[in-house]
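Analysis of the macromolecular model
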Amino acid sequence: IQERLVVTGRAGWMGMGRGAGRSALGFWPTLAFLLCSFPAAASPCKILKCNSEFWSATSGSHAPTADDTPEFCAALRTYALCTRRTARTCRGDLAYHSAVHGIEDLMSQHNCSRDGPTSQPRLRTLPPAGDSQERSDSPEICHYEKSFHKHAAAPNYTHCGLFGDPHLRTFTDRFQTCKVQGAWPLIDNNYLNVQVTNTPVLPGSAATATSKLTIIFKNFQECVDQKVYQAEMDELPGAFVDGSKNGGDKHGANSLKITEKVSGQHVEIQAKYIGTTIVVRQVGRYLTFAVRMPEEVVNAVEDWDSQGLYLCLRGCPLNQQIDFQAFHANTEGPGARRPAAASPAPTAPETFPYETAVAKCKEKLPVEDLYYQACVFDLLTTGDVNFTLAAYYALEDVKMLHSNKDKLHLYERTQDLPGRAAAAGLPPAPQLLLGALVPLLALLPVFC
């Protein structure tokens, strides 16, 4: 059986060497067989993910032609890199060995070197010349949205935000209140790294807020040089640390721009080459962060196993989460005050009475959603009225950045608490497993 499968796989691969126009006919039936025969859930081997990514990069409207040999070789190198990363868990997997042999054959047939550029974030058909009325001063590859063919599906965008004491809205629309004192990574993918530092609002208080933010835009092809943006309390610059306001000296430098909307209070960074918009604000003494990013860029990580602390993607660790709704339940009502000893975040010495906190938050946040509840929580734990504005601007940024207008307001608890997971008989974060299975399940009907 093993010999037959490997021979079938190699024969399918060999079909791709007889001309780019016929390449898909030889290989895709074999790839479909491999996808359908070896369920992803049966093994930690991630070869099916590699197969699917290569399929996406080189099939349909993305199929390479005879003139696209460099592009096809880049896709092959990306495929080979993916197989190397999963080699340790795939030693006994037949689909894995078939893929490795096939990559070797194709690299030889197309004279592809093993060293060279890979496809980032994926191969896309560029719009034909003249389709767009707008001229760009950057290469097409440096404009994420324009690099999609006009008939292709639009990219899916998602949002993450951090504000207040601090409250986190993840890329999957979970809403959590966290401790996370000290330095924590918000985003860490192939193109972008964001780290925040949270410090106590008052000496001896468990309430923390963001006092420092560092954003690293990594070097990307002919588009941008590596750029670093850094903001701290009372210092929200309108430029990168080197004093520049764009991506540097490369031809596509203007695909990364920083704009100072309100001096010392509001900065917006547009990274068009990865379809990303970032908003940084200083509200009172502390910083807020919001980002709009394509799902493809969100999930572009080298090693998923090392992404456990990527807060915007995974959320805060369970031991860092605070159930602020339970806090509300014990503070609601006229004159009610939760004893400090029982509070998940001890109240500040000079906090607002509950009724005053509610009134101030309703002035800016009339809808009693989780942003409103976060506002009340922050006033009760910090006594700083500026946290009302932090919640207000966080919601305004969601209105501007979130692609699904039906999800602007969140009403239900979405954090992962141990009790809920145990009661449901599920692991603490079942979304991770589902997130890995959904793309494969979506492909199977096509092949099977």
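Conventions we followed
- Residues numbered from 1 in each chain as written.
- Predicted model: local features only at pLDDT ≥ 70, side-chain atom pairs only at ≥ 80, totals over all residues.
- Heavy atoms only, no water.
- UniProt positions renumbered as here; feature names shortened; annotations may be inferred.
- Helix = DSSP H or I, 4+ residues; strand = E, 2+ residues; numbered from the N terminus.
- Contact = heavy atoms within 4.5 Å.
- Areas by Shrake-Rupley, 256 points an atom, 1.4 Å probe, with all protein chains shown as cover.
- Buried < 20%, exposed > 50% of the residue type's maximum accessible area, 1.4 Å probe, protein only.
- pLDDT = per-residue confidence, 0-100.
- Core = buried A, V, L, I, M, F, W, Y, C linked by side-chain atoms within 4.5 Å.
- Pairing = 2+ DSSP bridges.
- Axes fitted to C-alpha atoms, helices over the stretch in contact; angles between N-to-C directions.
- Phe/Tyr/Trp six-rings, centres within 6.5 Å; stacked < 30°, edge-to-face > 60°.
- Lys NZ or Arg CZ within 6 Å of the ring centre and 35° of its normal.
- Parallel < 35°, antiparallel > 145°, perpendicular 65-115°, else oblique.
- Left-handed = near helix turned anticlockwise from the far one by under 90°.
- Expected span 1.5 Å × (residues − 1).
- Polar contact = N/O pair within 3.5 Å; in protein donor to acceptor, adjacent residues only side chain to side chain.

The name given to the protein chain in an unreviewed UniProt entry is Repulsive guidance molecule BMP co-receptor a, and the organism recorded there is Aotus nancymaae. Within the UniProt record for the protein chain, the comment given under Subcellular location (unreviewed entry) is "Cell membrane". The UniProt entry for the protein chain carries this comment under Sequence similarities (unreviewed entry): "Belongs to the repulsive guidance molecule (RGM) family."

**Side note on the overall build of the protein chain**
Helices and strands together make up the secondary structure of the protein chain, namely 13 helices and twelve strands. Here the analysis covers contacts within the protein chain between residues at least 6 apart in sequence; of these, 59% occur between residues at least 24 apart. Taken as a whole, the protein chain presents about 20800 Å² of accessible surface, with 53% of it coming from carbon and sulfur.

**Some words on the side chain of Gln 320**
Note on placement: Gln 320 falls in the loop between helix H7 (311–314) and strand E12 (321–322). Other than its neighbours up to four places away in sequence, Gln 320 contacts Thr 177, Cys 178, Lys 179, Val 180, Gln 181 and Trp 184.

**Focus on unusual backbone geometry**
With phi around 30°, Val 180 is a residue other than glycine that occupies positive phi space. Following the sequence through the fold, Val 180 ends up in the loop between strand E3 (175–178) and strand E4 (182–188). For Gln 221, which is not glycine, the phi torsion reads 40° and is therefore positive. On the secondary structure map, Gln 221 appears in the loop between strand E6 (208–217) and strand E7 (227–232). Relative accessible area serves as the criterion here: at 27%, Gln 221 is assigned to the partly exposed category.

**Some thoughts on the environment of Glu 396**
Following the sequence through the fold, Glu 396 ends up in helix H11 (residues 386–401). Between the alpha carbons of Glu 396 and Leu 408 there is a distance of 9.3 Å; along the sequence they are twelve residues apart.

**Section: the confidence of the model for the protein chain**
Confidence along the protein chain averages 75 in pLDDT terms, with 66% of residues attaining 70 or more. Throughout residues 333–349 the model reports pLDDT below 50, and contacts reaching past four residues in sequence, or to other chains, amount to 39 contacts. The model gives residues 414–448 a pLDDT under 50, and that stretch makes 40 contacts with residues more than four places away or in other chains.

**Quick notes on the nonpolar core**
One finds Leu 186, Ile 187, Ile 215, Phe 217, Tyr 273 and Phe 289 to be the most contacted residues of the largest nonpolar core, which totals 48 residues. Top contributing element to this core by residue count: strand E11 (residues 286–294), with four residues. With near-sequence residues (within four places) excluded, Ile 187 lies in contact with Phe 171, Leu 192, Asn 193, Val 194, Phe 289, Val 291, Met 293, Tyr 310 and Cys 312.

**Comments concerning the sheet that holds E6**
On the basis of which strands lie adjacent, the open sheet formed by four strands has the order E4-E5-E6-E7 and antiparallel pairing. Looking at the sheet topology across the chains shown, the edges are occupied by E4 and E7. Recorded for the sheet is a direction-independent mean angle of 20° between the axes of neighbouring strands.

**A look at the packing of aromatic side chains**
In this description, a pair of aromatic rings is defined by centroid distance and the angle of the planes. Going through the model one piece at a time under the given rule, you end up with ten aromatic pairs. Each ring, one from Phe 163 and one from Tyr 371, has its centre 5.5 Å from the other, and the planes form 15°; the classification is stacked. Highlighted residues: Phe 163 in strand E1 (residues 157–163) and Tyr 371 in helix H10 (residues 370–382), separated in sequence by 208 residues. Note on accessibility: Phe 163 and Tyr 371 belong to one class, buried. With centroids separated by 6.0 Å and ring planes inclined at 80°, the aromatic side chains of Phe 217 and Phe 240 adopt a geometry described as edge-to-face. You can see Phe 217 sitting in strand E6 and its partner Phe 240 sitting in the loop between E7 and strand E8 (256–262), a full 23 residues away along the chain. For the pair shown, Phe 217 and Phe 240 are each scored as buried. One Lys or Arg, Arg 292, reaches over the ring of Tyr 157 and ends 3.7 Å from the middle of that ring. Across from the ring centre of Tyr 392, 4.8 Å away, lies the NZ or CZ of Lys 364, which sits over that ring.

**Some points on the pairing of E11**
Taking burial as the measure, the nine residues of E11 include eight buried ones, the bulk of the element. For E1 and E11, the ladder comprises six bridges, and the chain directions are antiparallel. Bridge pairing in E11 links Thr 158 to Met 293. Note that strand E10 (residues 276–283) and E11 share seven bridges and pair antiparallel. In the sheet register, Arg 281 faces E11, and the bridge partner there is Thr 288. In this structure, the hairpin formed by E10 and E11 is closed by a connection of two residues, where Gly 284 is found at a positive phi of approximately 70°.

**Considerations on the packing of H10 against H11**
It is the contact of H10 with H11, at a shortest axis distance of 8 Å, that shows an interaxial angle of 160°. Classed by the angle they form, the pair H10 and H11 counts as roughly antiparallel. Relative to H11, H10 is oriented so that their crossing is right-handed. Touching Tyr 371, Cys 375, Asp 378, Leu 379 and Thr 382 of H10 are Phe 387, Thr 388, Ala 391, Ala 394, Leu 395 and Val 398, all from H11.

**Considering H11**
Compared with the 22 Å implied by 1.5 Å per residue over 16 residues, the 22 Å span of H11 between its first and last C-alpha is a close match. Within H11, burial applies to Phe 387, Thr 388, Ala 390, Ala 391, Ala 394, Leu 395, Asp 397, Val 398 and Leu 401.

**Looking at the side chain of His 167**
Inspection of the secondary structure assignment puts His 167 in strand E2 (residues 167–169). Separated by 2.8 Å, the side chains of His 167 and Asp 378 make a polar contact. Ignoring anything within four residues of it in the chain, the contact list for His 167 reads Gly 161, Leu 162, Phe 175, Gln 176, Thr 177, Ala 374, Phe 377 and Asp 378.

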